[in-house]
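Descriptive analysis of the structure
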Amino acid sequence: HQVTDYQEGERRDIHGNIVRLGNPPPQQQQQQQQQQQPSVAPHQSEDPTNTDPQVHQDKDAPQPSIALTPPQEPDSIPATTSQAVEKAAGKVFNSVPEAVKKRRKNVVLPDYYEQFPDVRPILLLSVPVGSAELAMIAQGAGTASAAITSSFTERIVWLARSAVNSVRTLLFLPKFAGCNELKAGTKDALHRGTNGIRKVAIIGVHGWYPRKVLRTVIGEPTGTSRKFCDEMDLALEEYLETHGKHLDPKDITLIPLEGEGKVLDRVENLHQLLVRNRQWRQAVHEADLVLVATHSQGTPTSILLVARWINEGLLRVKKDDPKMQRVGILAMAGISHGPFPFLKGNLFIRYFEAEAASELFEFMDSETALAKIYREGLKTVLSSGVRLICVASLEDQVVPLYSAVMTSIHHPSIIRAVYIDAANYQNDFLINLIAFSLRLRNAGVNDHGILVQLSEVIAGSLYAGDGHSTIYEEREVYLFSLRSLLEPPASLTPDISRKQPILHPFKAKQRLNPFYLPWGMRGIADEIIACGDQVLIKELERLKKLYNEWDPVTKGMKEIKFRLEPIRSKL
């Protein structure tokens, strides 16, 4: 007969009295007795004329913490008790939706559909490959209405054409123009959506595993290759279900590649692990869709693995191949430009983690031998039409933002985003500036080094943070990668997706020049105003408003606001 009050954090019995677990101290009992009224048992009368001594007790007498009542028949329960129960139960049921409502969700910014609105039609009537029935696919539940730009009459005409085209497809008749999904069959392989996906291979490559000494500080590693495969599999199932498609479990092969060590050693060991497994090798070669999910040190390992499979013909990515595969790599908190420079002098890293960890600092300089090998692998992968999705973690304590999003690599097949835990998300100037800079990079506009300058400010704590590990727990990260791979923007043509990447030289610095941030922000503002993009100009206006309202609390964030003060007018 006890219920929990979620709003006040108290436990009460059916009479509304506070329930305490255990016997409280005498002084606390006295305070409770002064605050609470004596409870009335259900079998006692509340009539003031009643002279029963059991009813009229002394107010100063100690009252029990928990009111116990004898069992009674349901018909004999007074109305006051029933009202108390109903009131308490109503409190609980009313508080639950509020608690759920207040719970904030983890986010991945910038939102893919907001950045590329042309990839999300309102309603699609399509016939998936291999299916003999119509599938009505509602893409855009909740947000599609914002993307509607045509009139009501135009939408009706569009839907009518879609229905006619679908019926004609079933009857093997010519179809009318106007249905985007059915026209996709005549487009290139990049814009087929879920059409043509019959077999899928999901490959998981875990990151660097710290030794036991450091695990006592940052915790046990949980980001195994098997976990990445399972999460991607669940995300794919959800994505296909949203688009009206279903694959049998036998058509999806999970390939968790596990093995520790240095990057090049891992590439060789994991490659042998795959090719020696006949089932895995055949699944990768015959798959229509190949998904690679990787984390941290696994990012350079996976890039070099995919480059090797392309060179050896295991992956079919040639433009003239009729069975060309679609390949996507999800790099979560990838260490492409090395870890934070200040970690190089960390005692744990330096004395206890030895070669595997020390090697990661070689990625900070693009002129090192390992970095050059990695960049050659990136050239092979990106020039073969592979989609690379780089997602950073906001409060990562190991990998900086600029490293996770490959800030020195320029290619239209790279999509960048940042994962933000709900506990750390604030719709303030800093978060919006980061999302805005990533959006510029995704659009092919230079961010003028803003992402590098902001990376150190949002760094997490090596001893208290968990931002480096929470990213691979979020389903939305995997869904973001699927949208990026299967729903590319119309501007990403097959020829553009196979261009050679632009690799700028990069060298991480221990100390950043404070004047670079305002200068870079000024460069962004001038470039946007010069090109006359009204969407980006409005975003600059919004950033200015957020800057004026921003009240930073940490020392680093206060420094950011101080350094941007001279260009407020430019914003």
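Just so we're clear, the structure is a prediction, and the values are computed from it rather than from any experiment. (Residues numbered from 1 in each chain as written. Predicted model: local features only at pLDDT ≥ 70, side-chain atom pairs only at ≥ 80, totals over all residues. Heavy atoms only, no water.)

**Overview of unusual backbone geometry**
Quick note on the threshold: In DSSP terms, a helix is any run of H or I states spanning at least four residues, a strand is any run of E spanning at least two, and both are numbered starting from the N terminus.
A cis amide bond links Leu 109 with the next residue in sequence, Pro 110, at an omega value of -5°. Of note, Pro 110 is situated in the loop between β3 (107-109) and α3 (112-115). One non-glycine residue, Met 406, lies in the positive phi region at around 50°. Residue position: Met 406 is located in the loop between α14 (401-404) and β11 (409-410).

**Section: the pattern of salt bridges**
Just so we agree on the cut-off: Counted as salt bridges are all cases of a side-chain nitrogen of Lys or Arg within 4 Å of a carboxyl oxygen of Asp or Glu. A simple rule labels every residue: compare its accessible area, found with a 1.4 Å probe on the protein chains alone, to the largest value its type can have, and call it buried under 20%, exposed over 50%, or partly exposed in between.
Considering all chains together, one arrives at 15 salt bridges under this definition. When the shortest N-O distance is used, the salt bridge between Lys 227 and Glu 231 registers 3.8 Å. Of this pair, Lys 227 and Glu 231 both sit in helix α7 (residues 225-242), four residues apart, which is roughly one turn of that helix. Taking the shortest distance from any N to any O, the salt bridge between Arg 522 and Asp 526 comes out at 3.5 Å. With Arg 522 and Asp 526 both in helix α20 (residues 516-531) and four residues apart, the pair spans about one turn of that helix. Overall, the relative accessible area of 34% leaves Arg 522 in the partly exposed class. Overall, Asp 526 belongs to the partly exposed group, its relative accessible area being 24%.

**Quick look at helix α22 (residues 555-564)**
Here is the rule: In this context, the arc is that of the directions from the helix axis out to the C-beta atoms. Should any heavy atoms of two residues lie within 4.5 Å, those residues are counted as being in contact.
Of all the positions in α22, only Ile 560, Lys 561, Arg 563 and Leu 564 are classed as buried. With its buried residues spanning 165° around the axis, α22 presents them on a single face. Exposed side chains of α22 directed beyond 90 degrees from the buried face belong to Lys 555 and Phe 562. On its buried face, α22 sits against α15 (429-442), α16 (450-455), α20 and α21 (534-549).

**Focus on the nonpolar core**
How we decide: Definition of nonpolar core: a set of buried residues of the types Ala, Val, Leu, Ile, Met, Phe, Trp, Tyr and Cys, connected through side-chain atoms within 4.5 Å.
One finds Ile 203, Leu 257, Trp 309, Leu 388, Val 418, Ile 434 and Leu 564 to be the most contacted residues of the largest nonpolar core, which totals 85 residues. Looking at this core, the element that brings in the most residues is α15, giving nine residues. If we ignore the near neighbours within four places in the chain, the residues touching Ile 203 are Cys 229, Ile 255, Leu 257, Val 284, Val 290, Leu 291, Val 292, Ala 293 and Trp 309.

**Comments concerning the confidence of the model for the protein**
This is how the line gets drawn: Confidence scores per residue from the predictor, reported as pLDDT, run from 0 to 100.
Per-residue confidence for the protein gives a mean pLDDT of 76; residues scoring 70 or more make up 63%. Taking the mean pLDDT of every element in the protein, the minimum, 28, falls on strand β5 (residues 135-138) and the maximum, 98, on strand β6 (residues 200-205). Of the regions scoring below 50 in pLDDT, residues 64-75 engages in 16 contacts with residues more than four places distant in sequence or in other chains. Low confidence marks residues 165-186, where pLDDT is under 50. Its contacts with residues over four positions away, or in another chain, come to 37 contacts.

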